[in-house]
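Report on the structure
The residues making up each chain are set out below.
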There are 2 protein chains.
Amino acid sequence: MNFVIIGGDAAGMSAASRAKRRNPDMEVIVLEQTKDVSYSACGMPYNIADPERDIDDLIVRQPTVFREKQGIDLRTGHRVEAIDPGKGTVKGRTLDGGPFQVEFDELLIATGASALIPDLPGFDLPGVMSLKSLEDGRRIKRFIKEHRVKQAVIIGMGYIALEMSEALRTRGIEVVLIKPNPLFLPWMHEKLSRAVREEMEAKGVQLYPGHEVKGIEQGDSRLRVICADRALEAQMVLVAIGVQPNSGVAQDAGIALSIANSVAVDRGLLTSKSHIYAAGDCADAYHVVTGEKTWIPLALRANRAGWAVADTVTGKAVTLPGVAGTAVFKVFDLEVAHTGLTVEEAAEHGFEPVEMTIQGRTRAHAHPGGSSIGVHMVGDRKSGRLLGVQMVGREGAAHRIDAPAVALHGKMTVEEFVQCDLAYAPPFSPVWDPMLTAANQLLKSL
Amino acid sequence: MNFVIIGGDAAGMSAASRAKRRNPDMEVIVLEQTKDVSYSACGMPYNIADPERDIDDLIVRQPTVFREKQGIDLRTGHRVEAIDPGKGTVKGRTLDGGPFQVEFDELLIATGASALIPDLPGFDLPGVMSLKSLEDGRRIKRFIKEHRVKQAVIIGMGYIALEMSEALRTRGIEVVLIKPNPLFLPWMHEKLSRAVREEMEAKGVQLYPGHEVKGIEQGDSRLRVICADRALEAQMVLVAIGVQPNSGVAQDAGIALSIANSVAVDRGLLTSKSHIYAAGDCADAYHVVTGEKTWIPLALRANRAGWAVADTVTGKAVTLPGVAGTAVFKVFDLEVAHTGLTVEEAAEHGFEPVEMTIQGRTRAHAHPGGSSIGVHMVGDRKSGRLLGVQMVGREGAAHRIDAPAVALHGKMTVEEFVQCDLAYAPPFSPVWDPMLTAANQLLKSL
């Protein structure tokens, strides 16, 4: 029996490694269109920040290790163009254009996601780039060096945009961020997003939310990002307006799609076709708070889903409970973290959301070095359930968020969460951690 | 109706403030034997570390605030010596020796705990001190200054001993720790406790576990701590071998005691006598993992229990689920955290414990500044439940521990915990957080 995997990134290589470990006799074939597998994509902004570091430092395991040490039939430069679920075959072309065909017993679609590029003039100009693959990272790093970039425009204000603004500022590059939505971080409570905005502006980033980009032009020595009321000049433009699932090949094969055109999978990661699974950024997931489908492409889920498929195809059927949408990013000296639903999402899913936002301290009264931390918490008036938490602070927000994330998995009420015996010592929190203070305050409104 | 509270520390003042806030007409009387209320006891080692800071910086709220702003009848210098549950009275003496008597409708015993002092020669010598009350902190700080202390011996190796060893080293004082038990941190897995030991020794602390102290003698200019095989000279001796609940006055009144002579309370903090509650370090608690009684005196529980009693006596009956035994301390550059049961405790309570210890990284592959973090995890073979976690690392251990603490409250299995959607970004953890890696490994053994 063989196991064919389309895509050699987090989900694909996790599945391949685990399947081979669980069943060394299984033939495991990975078809990856690029030459890179197994690298820390999330580490790219931090690597780009440092001109002395090689971007290939982000490679966790070389293709030869997968091939020679793990016995995985890893075929890089293999782009899959069609799946035939009935015949059990995938077809495609190699980088040199030659056709290939592979038969599968079990198939995993782990094609990931691609950066969204607007269909507007000039987005194909040299110096207009996005950051998704390691090759994108190489290209950006090379471009900055070769063109001695001093000015950059980033289109978009998601977490890649924010992380890249820090990376570029670290290299002394002037950075302007621009996007159509007038709200800076629309999913975040305004008191918390203001802290992020102030931090970025204090570090010299110019933010222009509420400006639609009409196109990009090539000037004499600079690119010009054209908006209705202004034009921004830069040597480099980073397009970071989001990603979309690479689900075309699945759709063409008649496999059902889901939210945002991600591949629909059940709790066992099976698609609408038997023996065909999907995992990683191309696939949807159940949300543990709503119990409904969602599409939140994140690395941990990709790894976990890859493992689950490997377990299933090697004989141990696994189902996954789903995601809580927990995420964190660092932007300059701030940690920004969230889990679960926003007030708006909660209302959309039939909850009766009540929210509370507090400013607490990261350390105990009178303990030196403490700073402010903002906590926003959402509960459900009907059931009392905890629905979501957001945090922004200079320390401790990133790891704090895991506690309410676990509470969401446990379907805890705010009252149950407020009774949790959290750790206390003066260097790390007040006696009542800011999360508990927010929960105590929220309880009064529920 | 009145509400009388014996003890004006965390539990007592939390109860007083909350009762008065919920029912401003209620007469709330607090009888506190010292002159200090509402201070951050846990902050004392960090304050002692800094000769420039006044120890009274640790006072969160002055007595006058409780009296004038909050309307609490706070009587400092009032030592309660007897409770008469039948008559509903407490009797005692003020600091000047005068007797007093107070009638109560509802009574809260919040007498806290005292440092254990062994009944051995020389423990009453000047320069032999312990650290529990703010007055203890004042005395230690004054003593260090007046005697220009350069050498100290700490008897005991609990977290106060460890925190104080850092505080004294910070002031350039030579520090020796000694105790009878040959195991350094007996509750901690050996691989993790070794990291703590190495950190302390690297910072110049001498550790002598396995040495029983026979007594202390006054030498010409130094104290001499006498053991079977050695004598340690120092200007100052800190006795930090643990604490015991101040439950004598409760016991004398016929109130039932519990583990380690703590006052036995139900989930509503009621003692064996009606209208008499106990909260804080003097009282026991239910353990959320075992469901049985335990005595783990910690600040958050004290605050929470004080609030619960206040809610109950003001008409909103509250019960508390209990404690998970979550605790954290900092020792030099290490964060040491734990929650739940050790393997030994788990076995004692009828579980079939299986353990796993891993060394992970605090940040992602190739992210600068990461360091090693040790995670020890205990699960139950029979039920699959997560039972306890210990962590030691240079960053992130303190806040990470809250995630498994919440899982213990939710009675999660290791399998459920391993599926939790925790936060990931390269500056904060690998994709699989070390906690998840430990849980994944533990799962294989369960």
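Let me sum up the structure you'll find in this document. (Residues numbered from 1 in each chain as written. Chains lettered and ligands numbered in written order. Predicted model: local features only at pLDDT ≥ 70, side-chain atom pairs only at ≥ 80, totals over all residues. Heavy atoms only, no water.)

If you tally the helices and strands in chain A, you get 13 helices and 25 strands. What you see for chain A is a C-alpha radius of gyration of 23 Å, in line with the 22 Å of a compact globule of 446 residues. With respect to the principal axes defined by its C-alpha atoms, chain A has extents near 65 × 60 × 40 Å. Buried residues in chain A amount to 59% of all 446 residues. (Helix = DSSP H or I, 4+ residues; strand = E, 2+ residues; numbered from the N terminus. Rg over C-alpha atoms; globule rule 2.2 N^0.38 Å. Buried < 20%, exposed > 50% of the residue type's maximum accessible area, 1.4 Å probe, protein only.)

All names here are of chain A. According to the stated counting rule, one finds 44 salt bridges over all chains in the structure shown. The salt bridge involving Arg18 is made with Asp311; its shortest N-O contact spans 2.7 Å. With Arg18 in helix H1 (residues 10–22) and Asp311 in helix H8 (residues 299–313), the pair connects residues that are 293 residues apart, well separated along the chain. Between Arg139 and Asp136 there is a salt bridge, and its shortest N-O distance comes to 3.1 Å. Placement of both Arg139 and Asp136 in helix H4 (residues 134–146) is noted, with a separation of 3 residues, approximately one turn of the helix. Look at the salt bridges and you will find they share partners, linking Asp36, Asp56, Glu135 and Arg138 into a network. (Salt bridge = Lys/Arg side-chain N within 4 Å of Asp/Glu carboxyl O.)

As a further point, take the nonpolar core. Of all hydrophobic cores here, the largest spans 88 residues; its most connected members are Met377, Val406 and Phe417 of chain A together with Val406 and Phe417 of chain B. Contact partners of Val406 of chain B, with chain neighbours within four places excluded, come to Ala403, Val406, Ala407, Met412, Phe417, Cys420 and Leu422 of chain A. (Core = buried A, V, L, I, M, F, W, Y, C linked by side-chain atoms within 4.5 Å. Contact = heavy atoms within 4.5 Å.)

Facing 60 residues of chain B, the contacting portion of chain A comprises 60 residues. Contact between chain B and chain A buries roughly 5,100 Å² in total, counting both sides, with carbon and sulfur atoms accounting for 66%. Considering only the side of chain B, the residues that lose the most area to chain A are His399, Asp421 and Phe428 of chain B, jointly responsible for 15% of the buried surface there. Counting the contacts that link chain B with chain A gives 0 salt bridges. The interface formed by chain B and chain A contains 26 residue pairs in polar contact (both at pLDDT 80 or more). (Buried area = accessible area lost by both parts, 1.4 Å probe. Polar contact = N/O pair within 3.5 Å; in protein donor to acceptor, adjacent residues only side chain to side chain.)

In this section: the environment of Ile276 of chain B. All names here are of chain B. With respect to the element layout, Ile276 can be found in strand S18 (residues 276–278). Ile276 sits in the buried class, given a relative accessible area of 1%. Between the C-alpha atoms of Ile276 and Leu192, which are 84 residues apart in sequence, the distance is 42 Å.

Attention now moves to a negative patch on the surface. Residue and element names in this part refer to chain A. A surface patch of like charges, here negative, comprises Glu344, Glu345, Glu348 and Glu355. With 3 residues, helix H9 (residues 343–348) is the largest single contributor of residues to the negative patch. Within the secondary structure, Glu355 is located in strand S23 (residues 353–361). (Patch = residues over 30% accessible without salt bridge, like charges linked within 9 Å, V, L, I, M, F, W, Y side chains within 5 Å. Areas by Shrake-Rupley, 256 points an atom, 1.4 Å probe, with all protein chains shown as cover. Lys, Arg positive; Asp, Glu negative; His and termini not counted. Charge placed at Lys NZ, Arg CZ, Asp CG, Glu CD.)

Taken as a whole and assessed by the stated rule, the structure comprises 4 aromatic pairs over all chains. With centroids separated by 6.2 Å and ring planes inclined at 20 degrees, the aromatic side chains of Tyr159 of chain A and Phe329 of chain A adopt a geometry described as stacked. On the criterion of sequence distance, the pair formed by Tyr159 of chain A in helix H5 (residues 159–170) and Phe329 of chain A in strand S21 (residues 327–331) is long-range, its members being 170 residues apart. Taking the centre distance of 4.6 Å and the plane angle of 25 degrees together, the rings of Trp432 of chain A and Trp307 of chain B count as stacked. Of this pair, Trp432 of chain A sits in the loop between helix H12 (414–418) and helix H13 (434–445) while Trp307 of chain B sits in helix H8 (residues 299–313), which puts the two residues in different chains. Taken as a pair, Trp432 of chain A and Trp307 of chain B share a single burial class, namely buried. Across from the ring centre of Tyr286 of chain A, 3.9 Å away, lies the NZ or CZ of Arg267 of chain A, which sits over that ring. (Phe/Tyr/Trp six-rings, centres within 6.5 Å; stacked < 30°, edge-to-face > 60°. Lys NZ or Arg CZ within 6 Å of the ring centre and 35° of its normal.)

Next up on the list: the environment of Leu270 of chain B. The residue Leu270 of chain B is located in the loop between helix H7 (248–252) and S18 in this model. In this structure, the C-alpha to C-alpha distance between Leu270 of chain B and Val309 of chain B, residues 39 residues apart in sequence, is 8.3 Å.

Glancing now at the sheet that holds strand S5 (residues 89–94) of chain B. The pairing of strands in a sheet comes from backbone hydrogen bonds and takes either a parallel or an antiparallel form. Residue and element names in this part refer to chain B. The 3 strands lie next to each other as S4-S5-S6, forming an open sheet whose pairing is antiparallel. The open sheet has two edge strands, strand S4 (78–84) and strand S6 (99–103), and neither has a second partner. Here the average twist between neighbouring strands, direction ignored, is 25 degrees. Here S5 pairs with S6 via 5 bridges, running antiparallel. Each residue of the ladder has a partner; that of Lys91, found in S6, is Gln101. (Pairing = 2+ DSSP bridges. Axes fitted to C-alpha atoms, helices over the stretch in contact; angles between N-to-C directions.)

So, about helix H6 (residues 190–202) of chain A. Residues and elements named next belong to chain A. Between its first and last C-alpha atoms H6 spans 18 Å; for 13 residues at 1.5 Å apiece the expected length is 18 Å, and the two agree. Within the span of H6, buried status applies to Leu192, Ser193, Val196, Glu199 and Met200. Seen from one end, H6 has its buried residues packed into an arc of 115 degrees, which puts them on one side. Where H6 terminates, the next one or two residues include Gly204, which has phi positive at roughly 90 degrees. (Expected span 1.5 Å × (residues − 1). Arc of directions from axis to C-beta.)

On to the relation of the copies chain B and chain A. The two copies are related by a screw motion: chain B maps onto chain A through a turn of 180 degrees and a shift of 0.0 Å along the axis, at an RMSD of 0.0 Å. What we have between these two chains is a two-fold relation. By C-alpha distance to the rotation axis, the residue of chain B lying nearest is Ala403 of chain B, at 2.0 Å. The residues that chain B uses at the interface reappear at the interface of chain A in 100% of cases, marking a shared surface. (Least-squares fit on C-alpha atoms with pLDDT ≥ 70 in both.)

What follows concerns the side chain of Arg53 of chain B. With respect to the element layout, Arg53 of chain B can be found in the loop between helix H2 (44–48) and helix H3 (63–69). Lacking a salt bridge, the buried Arg53 of chain B has Asp57 of chain B as its closest oppositely charged neighbour, with an N-O distance of 4.0 Å. When near neighbours in sequence (up to four residues on either side) are disregarded, Arg53 of chain B contacts Ala366 and Pro368 of chain A together with Tyr46, Asn47, Leu58 and Lys141 of chain B.

Residue and element names in this part refer to chain A. Strand order in this open sheet of 5 strands is S9-S16-S10-S11-S12, and the pairing throughout is parallel. Strands with a single pairing partner mark the edges of an open sheet, and in this sheet they are strand S9 (128–129) and strand S12 (205–209). Sheet analysis places strand S11 (residues 174–179) next to S12, joined by 5 bridges and oriented parallel. In the sheet register, Val176 faces S12, and the bridge partner there is Gln206. Lying on the sheet, H5 is in contact with strand S10 (151–155), S11, S12 and strand S16 (236–239); it crosses S11 at an angle near 165 degrees. In the packing of H6 onto the sheet, the strands contacted are S11 and S12, and the crossing angle to S12 comes to about 135 degrees.

So, on to the packing of H1 of chain A against H8 of chain A. Residue and element names in this part refer to chain A. Their axes nearest at 7 Å, the elements H1 and H8 cross at an angle of 35 degrees. Remark: the crossing between H1 and H8 carries right-handed chirality. Contacts from Ala10, Ala11, Ser14, Ala15, Arg18, Ala19, Arg21 and Arg22 of H1 reach H8 at Ala302, Asn303, Gly306, Trp307, Ala310 and Asp311. Tallied by class, the residues present in the contact of H1 with H8 amount to 7 nonpolar, 3 polar and 4 charged. (Left-handed = near helix turned anticlockwise from the far one by under 90°. Nonpolar A, V, L, I, M, F, W, Y, C, P; charged D, E, K, R; others polar.)

It is worth spelling out the environment of Tyr424 of chain B at this point. By the secondary structure assignment, Tyr424 of chain B is in the loop between helix H12 (414–418) and helix H13 (434–445). A C-alpha to C-alpha distance of 18 Å links Tyr424 of chain B and Arg394 of chain B, two positions 30 residues apart in sequence. Ignoring any residue separated from it by four or fewer positions in sequence, one finds Tyr424 of chain B in contact with Ser40, Cys42, Ala299 and Val328 of chain A together with Ala364, Ser429, Pro430 and Val431 of chain B.

Before going further, it helps to examine helix H11 (residues 402–409) of chain A. Residues and elements named next belong to chain A. Among the 8 residues of H11, 8 are classified as buried, and the element is accordingly described as predominantly covered. Within the span of H11, buried status applies to Asp402, Ala403, Pro404, Ala405, Val406, Ala407, Leu408 and His409. Just past H11, the residue Lys411 takes up positive phi, approximately 50 degrees.

What follows deals with unusual backbone geometry. Residues and elements named next belong to chain A. Positioned with a positive phi, Ser38 is a non-glycine residue whose angle comes to about 55 degrees. Here Ser38 shows up in the loop between strand S2 (27–32) and helix H2 (44–48). Even without being glycine, Phe332 reaches a positive phi, approximately 55 degrees. Note on placement: Phe332 falls in the loop between S21 and strand S22 (334–340).

None of this, on its own, says anything about what the molecule does.
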